[in-house]
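Geometric and topological summary
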Amino acid sequence: MKIELSDGSKAPRTGPGTGKATAIPSLAVLYFENLSSDPDSDYFCAGITEDILTDLSKIKGLRVASRNAVARYRGESADIPRVANELGVTAVVEGSVRRAGDRVRITAQLINAADGFHIWAERYDRTLQDVFAVQEEIASSIVAALKVALAPGESEKLGSDRPGDVRAYDLYLKGRERYFNYTRESLHEALDLFQRATRVEPDYALAWAGIADCYGQMLQWDLGGHRVRDLTKLGLEAARRAIAIDPKLAEAHKAEALVLRGAGDMVASERALLQALKMNPRLISALINLGVAAYERCDIAGCERRMRRALESEPHQSFTTAWLNTVVRLTKRYDEGIALAQQGLASAVNEFERRGAYVALAATHLDRGDLAAARACMEELRRDEAMFLVAYLLDAVLLTRDGKAAHADRQLAIAETSAELNPTLVAWAIEVCIARGEMDRAVEFAKRTIFYDLCTTALRVTPELHPLLDLEPFAPRIARETLVWPSEAPPVPREIASLFTDVRMESGLPTSTGE
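Below: a short report on this structure. On a predicted model such as this, the values are computed, not experimentally measured, just so you know. (Residues numbered from 1 in each chain as written. Predicted model: local features only at pLDDT ≥ 70, side-chain atom pairs only at ≥ 80, totals over all residues. Heavy atoms only, no water.)

Focus: the packing of helix α16 (residues 351–368) against helix α20 (residues 423–435)
Running from amino to carboxyl end, α16 crosses α20 at an angle of 45°, the nearest separation of the two axes being 9 Å. On the basis of their axis angle, the class for α16 and α20 is oblique. Mapping the contact onto sequence places Arg 355, Val 359, Ala 362, Ala 363 and Leu 366 in α16 and Thr 424, Leu 425 and Trp 428 in α20. When its residues are assigned to classes, the contact of α16 with α20 shows 6 nonpolar, 1 polar and 1 charged. (Axes fitted to C-alpha atoms, helices over the stretch in contact; angles between N-to-C directions. Helix = DSSP H or I, 4+ residues; strand = E, 2+ residues; numbered from the N terminus. Parallel < 35°, antiparallel > 145°, perpendicular 65-115°, else oblique. Contact = heavy atoms within 4.5 Å. Nonpolar A, V, L, I, M, F, W, Y, C, P; charged D, E, K, R; others polar.)

Describing helix α7 (residues 184–200)
One turn of the α-helix equals 3.6 residues, which is why residues spaced by three or four share an orientation. With 17 residues, α7 should reach 24 Å at 1.5 Å per residue; the first-to-last C-alpha distance of 25 Å fits that figure. Among the residues making up α7, those that are buried are Ser 186, Leu 187, Ala 190, Leu 191, Leu 193, Phe 194, Ala 197 and Thr 198. Among the structural elements, α6 (166–179) and α8 (205–220) are those in contact with the buried residues of α7. (Expected span 1.5 Å × (residues − 1). Buried < 20%, exposed > 50% of the residue type's maximum accessible area, 1.4 Å probe, protein only.)

Description of the nonpolar core
Judged by nonpolar contacts, the single largest core of 180 residues is most densely connected at Leu 56, Leu 87, Trp 428, Ile 430 and Phe 451. When residues of this core are assigned to their parent elements, the largest contribution, 11 residues, is made by α8. (Core = buried A, V, L, I, M, F, W, Y, C linked by side-chain atoms within 4.5 Å.)

Some details on the pattern of salt bridges
This model, assessed by the stated rule, comprises 41 salt bridges. Between Asp 51 and Arg 176 there is a salt bridge, with the nearest N and O atoms lying 3.2 Å from each other. Linking Asp 51 in helix α1 (residues 42–57) with Arg 176 in helix α6, this pair joins segments that are 125 residues apart in sequence. Of the two residues examined, Asp 51 and Arg 176, each falls in the buried class. Linking Arg 82 and Glu 86 is a salt bridge whose minimum nitrogen-to-oxygen distance equals 3.1 Å. Here Arg 82 and its partner Glu 86 are both found in helix α3 (residues 80–87), 4 residues apart, which amounts to about one turn of the helix. With a relative accessible area of 25%, Glu 86 lands in the partly exposed category. The network of salt bridges with shared partners includes Asp 409, Glu 416, Arg 436, Glu 438 and Arg 441. (Salt bridge = Lys/Arg side-chain N within 4 Å of Asp/Glu carboxyl O.)

A look at the packing of aromatic side chains
Enumeration according to the criterion identifies 13 aromatic pairs in this entry. Here Tyr 179 and Tyr 182 contribute two aromatic rings whose centre-to-centre distance is 5.3 Å and whose plane-to-plane angle is 65°, an arrangement assigned as edge-to-face. Between Trp 221 and Phe 352, the ring centres sit 6.2 Å apart and the planes meet at 80°, which makes this aromatic pair edge-to-face. Taken together, the residues Trp 221 in the loop between α8 and α9 (228–245) and Phe 352 in helix α16 connect sequence positions 131 residues apart. Across the pair, exposure class does not vary: Trp 221 and Phe 352 are buried alike. Ring-pair connections join several aromatic residues into one group, and the members of that group are Tyr 179, Phe 180, Tyr 182, Trp 221, Phe 319 and Phe 352. Note that Arg 74 overlies the ring of Tyr 31, its terminal NZ or CZ placed 4.8 Å from the centroid. For Arg 99, the ring lying beneath its charged end belongs to Phe 44, and the centroid distance is 4.6 Å. (Phe/Tyr/Trp six-rings, centres within 6.5 Å; stacked < 30°, edge-to-face > 60°. Lys NZ or Arg CZ within 6 Å of the ring centre and 35° of its normal.)

Purely geometric numbers; function is a separate question.
Structure below.
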């Protein structure tokens with residue numbers, strides 16, 4: 001693990017392309033190296049790193065590079081000056097973890113990126129049960145070394161969400177590692193691990209929030225079959241158990257919002273997200289989900305403001321770049337869309353994020369009408385076995401644009417059996433079905449929760465999908481909602497504006513009030 005920190009004096013902080021100094025000390029926590037003989041202990045090293053990062057991010061006097069920002073350096077021997085320059089920080093903490101039975105050795109060094117000298121270093125030989133105390137000591141030592149003044153109550157926040165039993169923590173870390181893969185298998189594995197953690201430690205709020213998150217994702221991706229009511233009940237029970245244990249745990253309110261959204265209660269979901277941000281203004285997942293909520297109610301400008309705000313806070317968050325790409329692409333700003341997709345590819349840390357970035361890139365080429373670039377993207381995807389789903393559906397939509405939708409049988413059959421279609425992939429499948437005259441099949445794709453929640457906006461801003469607006473449950477063609485269009489974008493095309501009761505222009509740039 002490496003952490004980059006700055007005292008703001010020896011080396012001015014320069015962000016990517018900004019060259020601007022900052023008076024606030026900055027740091028980036030890179031992943032500790034796993035020196036254990038068991039490679040399966042990687043999750044434990046990652047968890048140690050991420051929790052130290054999380055503790056430090058709670059300190060208002062520090063700027064901390066996000067998990068997504070540092071994840072791309074995981075598993076490599078990082079060049080400290082290069083990493084510091086890329087992340088816009090001025091110091092690094094690197095270290096290692098060796099776990100053997102119930103013993104653990106953790107080393108950490110805080111390095112000034114400007115000259116390579118150590119600011120602070122320590123080695124800890126402890127029992128596994130003492131790992132929480134070590135994490136707190138490392139975070140406190142870094143804060144002290146940087147001469148950061150703690151606000152009232154901030155010292156108590158360090159390590160405040162740890163359980164009393166390290167066995168529960170170990171299970172939680174395993175679950176968190178699995179959760180972020182967002183597949184059917186990984187979500188079920190994460191759910192089991194979080195549940196086991198709560199059996200060891202019944203009052204472990206973060207594990208209860210993890211359970212709710214899993215149920216929320218299962219609702220979003222239609223992984224529960226017809227058990228929507230059961231999943232909603234279980235998810236809300238878990239989220240509210242977490243909130244009852246720790247009312248100030250932002251992750252618990254965010255998890256409640258995810259379940260509520262999956263159950264279709266958008267108003268309550270937004271309230272929960274706002275509560276999450278009240279508890280932790282730096283919880284980027286809550287800000288992103290508020291942007292998605294704005295898109296759902298046809299406020300594209302509001303969605304853009306929130307996504308840009310999230311990207312300002314975490315420039316290396318691939319999921320945010322994918323969503324901002326959707327906004328600028330659908331509002332005809334293709335150059336920025338390409339740049340965002342490429343930024344997303346550079347920032348992606350797992351298969352889920354890479355898939356989203358590739359879809360964003362291909363979709364921008366398609367919407368721009370550059371079929372040659374889209375085909376080149378498809379050929380690249382075909383060489384990557386993990387991206388076969390994107391390649392198949394991109395092939396199908398390219399066949400459709402060439403007037404050969406009848407040849408897309410196999411691609412549609414694969415899409416129908418996949419639980420991993422994101423909204424853009426669903427939109428491609430719908431377009432192909434419409435071109436083939438298979439309207440019932442198109443409707444079934446559009447009813448997938450991951451797309452259906454967005455369809456009031458998505459169907460109307462995508463001309464290829466307009467034929468669905470004459471069918472239930474998507475009729476009538478003219479939505480009751482007002483379309484809020486970004487004023488920085490080209491004018492709203494008439495064929496789109498005519499499908500809304502009213503159209504209003506607003507800036508898509510973040511405001512000084514924080515939106």
